[in-house]
Amino acid sequence: MTTDDGTIRIERLSKQFGAVRAVEDLTFEVRPGAVTGFLGPNGAGKTTTMRMLLGLVRPTAGTATIGGRAYQDLAAPLRTVGAALDASFHPGRTALDHLRVYAPAAGASDARCRMLLEVVGLADVAGRRAGGFSLGMRQRLALATTLLGDPRVLVLDEPANGLDPEGIVWLRGFLRHLASEGRTVLVSSHLLSEVQQSVDDVVVISQGRLAHASSLAALARLTSLRTRVTGPDVPGLTALAGARGWHATPSGTGIVVHEVPAAEVGAAAYAAGLELHGLTEESSGLEEVFLRLVTPPPAVLPQPAGGAA
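Residues numbered from 1 in each chain as written. Predicted model: local features only at pLDDT ≥ 70, side-chain atom pairs only at ≥ 80, totals over all residues. Heavy atoms only, no water.

Q: Explain the overall build of the chain here, please?
A: The secondary structure content of the chain amounts to eleven helices and 13 strands. In terms of overall dimensions, the chain is more spread out than a globule: its C-alpha atoms have a radius of gyration of 25 Å, far above the 19 Å expected for 309 residues. With the C-alpha coordinates of the chain rotated into their principal frame, the extents come out at 80 × 55 × 40 Å. Expressed as a percentage of the 309 residues in the chain, the buried residues total 45%. (Helix = DSSP H or I, 4+ residues; strand = E, 2+ residues; numbered from the N terminus. Rg over C-alpha atoms; globule rule 2.2 N^0.38 Å. Buried < 20%, exposed > 50% of the residue type's maximum accessible area, 1.4 Å probe, protein only.)

Q: Can you help me understand the layout of surface pockets in this one?
A: As a volume, the largest pocket reaches approximately 550 Å³. In terms of lining, the largest pocket is formed by 23 residues, of which the most central are A83, A84, L85, Y102 and T145. Among the secondary structure elements, those contributing two or more residues to the lining of the largest pocket are β5 (81–84), α3 (95–106) and α5 (135–146). The biggest single contributor to the lining of the largest pocket is β5, with four residues. When grouped by side-chain class, the residues that make up the lining of the largest pocket number 13 nonpolar, seven polar and three charged. By volume, the second largest pocket is sized at about 190 Å³. The wall of the second largest pocket is formed by 13 residues, among which M52, V57, P59, A70 and Q72 lie closest to the centre. Every element with two or more residues in the lining of the second largest pocket is listed here: α1 (46–53) and β4 (61–66). It is β4 that provides the largest number of residues to the lining of the second largest pocket, a total of four residues. Split into classes, the residues belonging to the lining of the second largest pocket amount to seven nonpolar, five polar and one charged. (1 Å grid on protein atoms, 1.4 Å probe; cavity = no way out; pocket = protein on both sides within 12 Å on 5 of 7 lines; lining within 4 Å. Points joined across faces, edges and corners; volume = space filled by probe spheres on them. Nonpolar A, V, L, I, M, F, W, Y, C, P; charged D, E, K, R; others polar.)

Q: Can you walk me through the sheet that holds strand β13 (residues 278–283) in this structure?
A: What links the strands of a sheet is backbone hydrogen bonding, and the strands pair in either a parallel or an antiparallel sense. One open sheet accounts for four strands, arranged β11-β12-β10-β13; its pairing is antiparallel. Each end of this open sheet is capped by a strand with a single partner; those strands are β11 (247–251) and β13. The mean angle between the axes of side-by-side strands here comes to 20°, regardless of whether they run parallel or antiparallel. Where strand β10 (residues 225–230) lies against β13, six bridges are found, and the strand directions are antiparallel. Considered in β13, the bridge of L225 is made with S283. Its contacts with the sheet put helix α9 (residues 234–244) on β10, β11 and β12 (254–258), and the angle it makes with β12 is roughly 20°. The strands touched by helix α10 (residues 262–271) are β10, β12 and β13; relative to β13, the strand with the most contacts, the crossing angle is about 155°. (Pairing = 2+ DSSP bridges. Axes fitted to C-alpha atoms, helices over the stretch in contact; angles between N-to-C directions. Contact = heavy atoms within 4.5 Å.)

Interpretation note: all reported values are geometric properties and have no functional meaning in isolation.
As structure tokens, then:
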């Protein structure tokens, strides 16, 4: 079945380069009207997945479609998908001339080229050669290039790379604006902290496999709260936790109470007449959850024959 809604669907996608399995049985969906963060450490398979989506790499198995069609089957690919997988340009071309090279294929006028340079903040350097641009300026020019055909789908690989803090704030707002127009926006990054203020959904992969896919709000619910309590009467603290129905674990000269705020624990200890020497509330942030998702379990070393010496 085909549809023109701009939904990206990755279904059981795999890619093997010789003995290396870069992507393995990957399935997820990217919806229109939202910014989706495609997350994973360097080497996780993000770029390979994007290249398969754009028809630049042939999958070993599975499918990658945009609006129900493979990229090569799109009637007007540059008007459907704007993609930036790197920020490389002919160093001798000016910013405006770079856009002019791609404009005919995208059906873009010279006026649109100039307008897009204005939109991405490069109007003042339209006549400068791209070879002298900083990485952040090249990222902005790459984004302008993706927008030439006014596409409904954007696929951006590490677009915040090289941007200064002001540029990152601008990019966040710009991506949200594009999504608010009903576009499908897929943005890759190896850092959740870099995109968490701009994305609605997250897809996390590790070692080529899906580790997590949900809304950002659902990912946030995986964070945890811990309250460390220390005092001279550890058995009393343990009994208090049991009486309150709290999940608690021993920790040195006290206990750790899980998913209960420090204020509530402290008030209960005071009411029970328990002396406290320490009361500390800790929480795992989104970045900690992300690292937990992408960190592979430690390798188990084989035991030598005959057991340990």
